[in-house]
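Below are the chains, spelled out letter by letter.
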Amino acid sequence: MGVKGLQSFVERCCPEACVTVNLREMARQHVTKNQQSGPTLVVDGMSCLCHWYSCMNWVCGGQWMEYMEVLKQWVETFTSAGIKLVFFFDGVVEEQKRPEWVKRRLRVNKDIIKIFNHIKQHGEQPGQQLSCLPSALATFTPFALRSLGQDVFCSVREADYEIASYAHCHGSMGILGQDTDFIIYDSAPYLSVAKLRINGLTTVMYDRQRLCRNIGLSVTQLPLLACLLGNDVVSEELMQHIRSSAVAAYRYQSQTCNGEVVLAVAQFVSSLSASPEETGLVPHSLNVASSQRELLKKGICSYLLPGHKDYELVDISVPPSAFEKYVSPEILKACREKHVAAEGFMVYSVVCAGVTECSNSLEDEEDEDLLPQAFVYKPCRQRVYGLLLLLGKDGTSVDAPAIREWFVFPGNPLKEADTVHPVPINIPCGQPSLDLLWFSSGPEVSALRLAAFLTVFDCLHYSDLHGEIGDSLLAALCLVTYIVLQVEALSEEDVDAYLSQAVCLRLKSPLELRQIQRNIEYISYESKEAFLSVRC
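Residues numbered from 1 in each chain as written. Predicted model: local features only at pLDDT ≥ 70, side-chain atom pairs only at ≥ 80, totals over all residues. Heavy atoms only, no water.

- Under the annotation held in an unreviewed UniProt entry, the protein chain carries the name Family with sequence similarity 120 member B and is attributed to Poecilia formosa.
- What the UniProt record of the protein chain gives under Sequence similarities (unreviewed entry) is the line "Belongs to the constitutive coactivator of PPAR-gamma family." (UniProt positions renumbered as here; feature names shortened; annotations may be inferred.)

**Examining the sheet that holds strand 10 (residues 418-420)**
- With mixed pairing, the three strands of this open sheet are ordered in space as 8-9-10. In the strand order of this sheet, the two ends are held by strand 8 (355-358) and strand 10, each with one partner. Taken pair by pair, the neighbouring strands of this sheet meet at an average axis angle of 30°, ignoring direction.
- Bridge analysis of strand 8 against strand 9 (residues 403-407) gives four bridges, and the strand direction is parallel. The residue of strand 9 that forms the bridge with Glu357 is Trp406.
- Contacting strand 8 and strand 9, helix 5 (residues 98-122) runs over the sheet at an angle of about 25° to strand 8. (Pairing = 2+ DSSP bridges. Helix = DSSP H or I, 4+ residues; strand = E, 2+ residues; numbered from the N terminus. Axes fitted to C-alpha atoms, helices over the stretch in contact; angles between N-to-C directions. Contact = heavy atoms within 4.5 Å.)

**Quick notes on the packing of helix 17 (residues 378-389) against helix 19 (residues 443-456)**
- Their axes nearest at 9 Å, the elements helix 17 and helix 19 cross at an angle of 145°. Taken together, the residues of helix 19 that come into contact with helix 17 (itself represented by Cys380, Arg383, Val384 and Leu387) are Ala452, Thr455 and Val456.
- Across the contact of helix 17 with helix 19, the residue classes break down as five nonpolar, one polar and one charged. (Nonpolar A, V, L, I, M, F, W, Y, C, P; charged D, E, K, R; others polar.)

**Focus on the domain arrangement of the protein chain**
- Along its sequence, the protein chain is organised into domain 1 (6-213), domain 2 (216-313), domain 3 (329-486) and domain 4 (492-525).
- Just the C-alpha atoms count here: the centres of domain 3 and domain 4 sit 29 Å apart.
- Listed by partner, the interface residues are six residues for domain 3 and six residues for domain 4.
- For the domain 3 and domain 4 pair, buried surface summed over both sides reaches about 480 Å², with 83% attributable to carbon and sulfur atoms.
- It is Leu473, Val480 and Ile483 in domain 3 that bury the most area against domain 4; as a group they hold 65% of the surface buried on that side.
- Between domain 3 and domain 4 we count zero salt bridges in total.
- Grouping the amino acids of the side of domain 3 that touches domain 4 by side-chain chemistry returns five nonpolar, one polar and no charged. (Domains from an automatic or database assignment. Buried area = accessible area lost by both parts, 1.4 Å probe. Salt bridge = Lys/Arg side-chain N within 4 Å of Asp/Glu carboxyl O.)

**Topic: the nonpolar core**
- Phe9, Ile215 and Leu296 are the most contacted members of the largest nonpolar core, which totals 60 residues.
- In terms of residue count, the dominant contributor to this core is helix 10 (residues 222-229) (seven residues).
- The two domains that each donate at least three residues to this core are domain 1 (6-213) and domain 2 (216-313).
- Every residue in contact with Ile215, bar those within four places of it in the chain, is listed here: Phe9, Leu222, Leu225, Leu263 and Ala266.
- Ranked by size, the runner-up nonpolar core spans 40 residues in total, among them Tyr67, Leu85, Leu137 and Cys154. (Core = buried A, V, L, I, M, F, W, Y, C linked by side-chain atoms within 4.5 Å. Buried < 20%, exposed > 50% of the residue type's maximum accessible area, 1.4 Å probe, protein only.)

**Observations regarding the pattern of salt bridges**
- Throughout the structure, instances matching the rule amount to 17 salt bridges.
- Residue Arg28 is joined to Glu25 by a salt bridge in which the shortest nitrogen-to-oxygen separation is 2.9 Å. Here Arg28 and its partner Glu25 are both found in helix 2 (residues 23-33), three residues apart, which amounts to about one turn of the helix.
- We classify Glu25 as partly exposed; its relative accessible area is 34%.
- Residue Glu260 pairs with Arg251 through a salt bridge whose shortest N-O separation is 2.6 Å.
- Counted as one network, the salt bridges with shared partners bring together Lys97, Glu100, Arg104, Glu158 and Asp232.

**Some words on the packing of helix 1 (residues 6-13) against helix 9 (residues 208-215)**
- The N-to-C vectors of helix 1 and helix 9 enclose an angle of 80°; their axes lie 12 Å apart at closest approach. Our classification of the angle between helix 1 and helix 9 gives roughly perpendicular. Of helix 9, the residues touching helix 1 (which contributes Phe9, Val10 and Cys13) are Leu211, Asn214 and Ile215.
- A breakdown of the residues in the contact of helix 1 with helix 9 according to their chemical character gives five nonpolar, one polar and no charged. (Parallel < 35°, antiparallel > 145°, perpendicular 65-115°, else oblique.)

**Some details on empty space enclosed by the protein**
- Throughout the structure, instances matching the rule amount to one cavity of 30 Å³ or more.
- Taken as a whole, the largest cavity spans an internal volume of roughly 40 Å³.
- Ile113, Phe116, Asn117, Lys120, Asp364, Glu365 and Glu366 are the residues that line the largest cavity.
- Considered class by class, the residues forming the lining of the largest cavity number two nonpolar, one polar and four charged.
- Looking at the lining of the largest cavity, you find at least three residues from each of domain 1 (6-213) and domain 3 (329-486). (1 Å grid on protein atoms, 1.4 Å probe; cavity = no way out; pocket = protein on both sides within 12 Å on 5 of 7 lines; lining within 4 Å. Points joined across faces, edges and corners; volume = space filled by probe spheres on them.)

**Quick look at the environment of Cys13**
- Tracing the backbone through its elements, the reader meets Cys13 in helix 1.
- Note on Cys13: relative accessible area 23%, which makes it partly exposed.
- Each C-alpha atom, one on Cys13 and one on Glu260, is 9.5 Å from the other, the two residues being 247 residues apart in sequence.

**Some remarks on unusual backbone geometry**
- At Leu201, a residue that is not glycine, the phi angle is positive and equals roughly 55°.
- Residue placement: Leu201 occurs in the loop between strand 6 (190-192) and strand 7 (202-206).
- The backbone of Ala342 sits at a positive phi, close to 55°, despite the residue not being glycine.
- Along the polypeptide, Ala342 turns up in the loop between helix 14 (329-340) and helix 15 (347-353).
- Looking at Ala342, the relative accessible area reads 1%, which means it is buried.

**What about the packing of aromatic side chains?**
- The final tally for this structure, using the stated rule, is 21 aromatic pairs.
- Measuring from centroid to centroid gives 5.9 Å for Phe323 and Tyr326, while their planes differ by 80°, and the two rings are edge-to-face.
- Looking at Phe323, the relative accessible area reads 7%, which means it is buried.
- Among the residues examined, Tyr326 registers a relative accessible area of 13% and is labelled buried.
- Linked through ring pairs, Tyr161, Phe182, Tyr185, Tyr190, Tyr206 and Tyr303 together constitute an aromatic cluster. (Phe/Tyr/Trp six-rings, centres within 6.5 Å; stacked < 30°, edge-to-face > 60°.)

Structure follows, in structure tokens:
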């Protein structure tokens, strides 16, 4: 989310802080100053998704191969300029930021309603002003980038913090993203992905030093400014009284102008006197309630990077696992390592925090015949939870832990998490421990892994197909079979569409797929004309 109102203020009222830069030239300058390290750009993957995904037919789920081609070309452009890329993606939703996460999800739900209304009225997807990224794009993109040989990390805390910390500790040439928090962190230069022109490798750098000169603050005062304006930790509403007071004082002294809220709060922060003996992060002269003072302190700490004089105040402890008694220390360690290296999905949050979430899907809330995907895959998830937490136990679920699910689906107000219990799975060839499945090898273990996978989808009868068809096709067959069993409204044409994507698309090049798209667009145009003529 970033800092409320800061992005527009910098662009409209502080143009001297918006510096057009050439990344190739920045890389050359970086090499000159840092002989021992090459130029590295730390990329906020979540901010880039809407810029990477440029495929036209987004409403039908997107074109994966075309998307892969875009990623490949994007990466190669930087590589040819001698710039190493390091990608970070959100790996967790911190509980203190859950309310903001819920707000965003409910806001996107309203956009999805508009999308379906547009489709029903016009017979086509809406324009880019009302577009929606394909479901799970953020989940699969890290795997795509890993397949291209890139360094990819998933966060175990707020991703913005890990990005800024990595860039700071590794002397990176910059951070590429679109989040004003990166102005606040005293880290590498913040470069705009929204302003990036990939062909020429130019973009806009938001210069925090010039910003500070413009608003009369030091870099060390920016975290307090961010908290008073409103960010992910300190809500905008909570500090409204301070901003109102600051704006009133500012108007009394100055003429009203654009960006007055930021300028007024900056002036207020500058006026706060801190005595030399003060050790707290929040000046004593700031008159707020003790609970608000603690929250401000927490918000300021969220910006402090290693090496800062008050860094010891930052809580960097790893919270204990919610389910330590169900899994071994080796499993916990492996979960974290695989999660950080973007080699897994969902397992870390389930095993270590007992919580998982799923963002918005493109689902029509008026279609009562089609189950939300959260319901369709719930039995599958329960078996996965059972595989992680109950495998090798006594087979009972009396003391089974409950998983808290924050899943977005039509009609869910997200006021609280849904409580979902694991379901024990019965592997016919034995009940191995999770440690055996993860850390052992050999033909027998491989057979157990296959049986566990097929059991999750209730597809043990496909075990003979292993080795006869490719693993990816077997996985697709299990998925489609599972969907058929769960969704009564599924038609034979739906099944054909799923299977044809799994079997046929891999045989086509991106160029051939684009040609198919042009043909589809022509057919869609003809269909639209027929649709409109019938309505008339």
